[in-house]
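Geometric and topological summary
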Amino acid sequence: TESKYRTRGGNLKARSTELGSAVTGSSLTAVLPASTTVKKSIVLSSEGRKELDKQANGTKEERRAQIDGRHRYLISRLADGIDLSEQHVEEAIISDDKFQLIEQFFAPSGLKKLLFFYQDVLQQKSNVSLRSDGSTNSLPQKKLFITMGSTENFTGTCAFFLRTSNEVITASNVSQEVNFGMFDCNNGDILQGLEFFLSHIMIPALKSQQNWGAVKEGLKNSQIQDFLYSVDKFVGTLSSSRQNIEDKIQLTKVDIDIYVSNLQNPSDYIIAG
């Protein structure tokens, strides 16, 4: 019996020791002041940020070394269209995490489109301080970035490049194989921006175009005329829909009670119809 109790006592003592160590270990973290924990996270995040910056700078220089005549063509078109310096555009491109999309656009049978948005984006201040609630201050700033056009909301200027064939894009053929265009949504109305782009840029360009490839007689061809008519009709429908959404087209309320009250039998309804 004594051995039995001694064994139990030993187990209890061992368990108490383990439990005490566990409680002591967890309580050390629990009793630390919140400010100490926050300061530690700030130090770690600062060191981590320096390492990330170092890696990012290395990546940027590698990308800068890859820039050739093809990239220069894109950069010059973007700089002219958006009214930025070529240095600004180059820095934005090599800093973009979607930089590889440019190479995919240049590749044979590659991406058919390459999109850039230039608009306000919430960006963290360089000398940001941590708030008491753990959040950071951020301000909207204009930023040029590469996009697929499916994840970011479009609120500013869109610059796009379109391929005209499946050939590999080289420095010698980029100006012939790639088309550049832009449309604006600076007022937040995408439909209005698209309507302006089609009616003031695309349709005039199409109607002044003489060479339609294999189609003979150009603008005199009935198929071309039908196509231009369809585009005009689409723009008209787009304009009407936009104005309707903006409540610029309002239906007048008509009081029909006086007409309905005089309808007594089916023949009255037939006559009214």
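Just above, that's the structure.
Fair warning: this is a prediction, and the values are worked out from it, not measured in the lab.

Description of the overall build of the protein chain
Regarding its fold elements, the protein chain presents 10 helices and 4 strands. Tracing the protein chain from N to C terminus, the helices and strands come up as α-α-α-α-α-β-β-β-α-β-α-α-α-α. Looking at the protein chain as a whole, 25% of its 273 residues qualify as buried. In the protein chain, 60% of the contacts between residues at least 6 apart in sequence involve partners at least 24 apart. For the protein chain, the computed accessible surface area is about 19,000 Å², with 55% contributed by carbon and sulfur atoms.

Some words on the packing of aromatic side chains
Scanning the model with the defined rule gives 9 aromatic pairs in all. Judged by centre distance (5.9 Å) and plane angle (75 degrees), the rings of Phe117 and Phe145 are edge-to-face. One end of the pair, Phe117, is in strand S1 (residues 113–124); the other, Phe145, is in strand S2 (residues 138–147), with 28 residues separating them in the sequence. Relative accessible area serves as the criterion here: at 4%, Phe117 is assigned to the buried category. Note on Trp212 and Phe227: the rings are 6.5 Å apart at their centroids and 75 degrees apart in plane angle, and the pair reads as edge-to-face. Of this pair, Trp212 sits in the loop between helix H7 (190–208) and helix H8 (222–245) while Phe227 sits in helix H8; the two residues are 15 residues apart in sequence, bridging distant segments of the chain. The buried category is assigned to Trp212, whose relative accessible area is 15%. Feature note: the residues Phe117, Phe145, Phe154, Phe160, Phe183 and Phe197 constitute an aromatic cluster, connected by ring pairs. Sitting over the ring of Tyr73, Arg77 keeps its end group 5.0 Å from the ring centre.

Considerations on the nonpolar core
Leu114 and Phe116 are the most contacted members of the largest nonpolar core, which has 28 residues in total. Looking at this core, the elements with two or more residues in it are helix H3 (69–82), helix H4 (86–94), helix H5 (100–106), S1, S2, strand S3 (157–163) and strand S4 (178–184). Per element, the largest residue contribution to this core is 6 residues, and it comes from H3. Sequence-distant contacts of Leu114, that is, excluding residues within four places in its chain, are made with Leu74, Leu101, Ile102, Phe105, Ile146, Ala159, Phe160 and Phe161. Within the second largest apolar cluster, 13 residues are counted, among which are Phe183, Ile203, Val231 and Val235.

Focus: empty space enclosed by the protein
Here the structure, examined in full by the defined rule, presents 1 cavity of 30 Å³ or more. Approximately 40 Å³ is the volume attributed to the largest cavity. Lining the largest cavity are Leu101, Lys113, Leu114, Leu115, Thr147 and Met148. Ranked by the residues each element gives to the lining of the largest cavity, the list is headed by S1, at 3 residues. Classifying every residue of the lining of the largest cavity gives 4 nonpolar, 1 polar and 1 charged.

Quick word on the pairing of S3
Where burial is concerned, most of S3 is hidden: 6 out of the 7 residues are buried. Across 7 bridges, the pairing between S3 and S4 is antiparallel. What sits directly across from Leu162, in S4, is Asn179.

Examining the layout of surface pockets
The space that makes up the largest pocket amounts to roughly 420 Å³. Considering the residues around the largest pocket, the lining is formed by 14 residues, among which Ala92, Ser95, Gln123, Lys143 and Leu144 are closest to the centre. For the lining of the largest pocket, the secondary structure elements donating two or more residues are H4 and S2. The dominant element in the lining of the largest pocket, judged by the number of residues it contributes, is S2, at 5 residues. Its residues assigned to classes, the lining of the largest pocket comprises 4 nonpolar, 3 polar and 7 charged.

Calculation notes
- Residues numbered from 1 in each chain as written.
- Predicted model: local features only at pLDDT ≥ 70, side-chain atom pairs only at ≥ 80, totals over all residues.
- Heavy atoms only, no water.
- Helix = DSSP H or I, 4+ residues; strand = E, 2+ residues; numbered from the N terminus.
- Buried < 20%, exposed > 50% of the residue type's maximum accessible area, 1.4 Å probe, protein only.
- Contact = heavy atoms within 4.5 Å.
- Areas by Shrake-Rupley, 256 points an atom, 1.4 Å probe, with all protein chains shown as cover.
- Phe/Tyr/Trp six-rings, centres within 6.5 Å; stacked < 30°, edge-to-face > 60°.
- Lys NZ or Arg CZ within 6 Å of the ring centre and 35° of its normal.
- Core = buried A, V, L, I, M, F, W, Y, C linked by side-chain atoms within 4.5 Å.
- 1 Å grid on protein atoms, 1.4 Å probe; cavity = no way out; pocket = protein on both sides within 12 Å on 5 of 7 lines; lining within 4 Å.
- Points joined across faces, edges and corners; volume = space filled by probe spheres on them.
- Nonpolar A, V, L, I, M, F, W, Y, C, P; charged D, E, K, R; others polar.
- Pairing = 2+ DSSP bridges.

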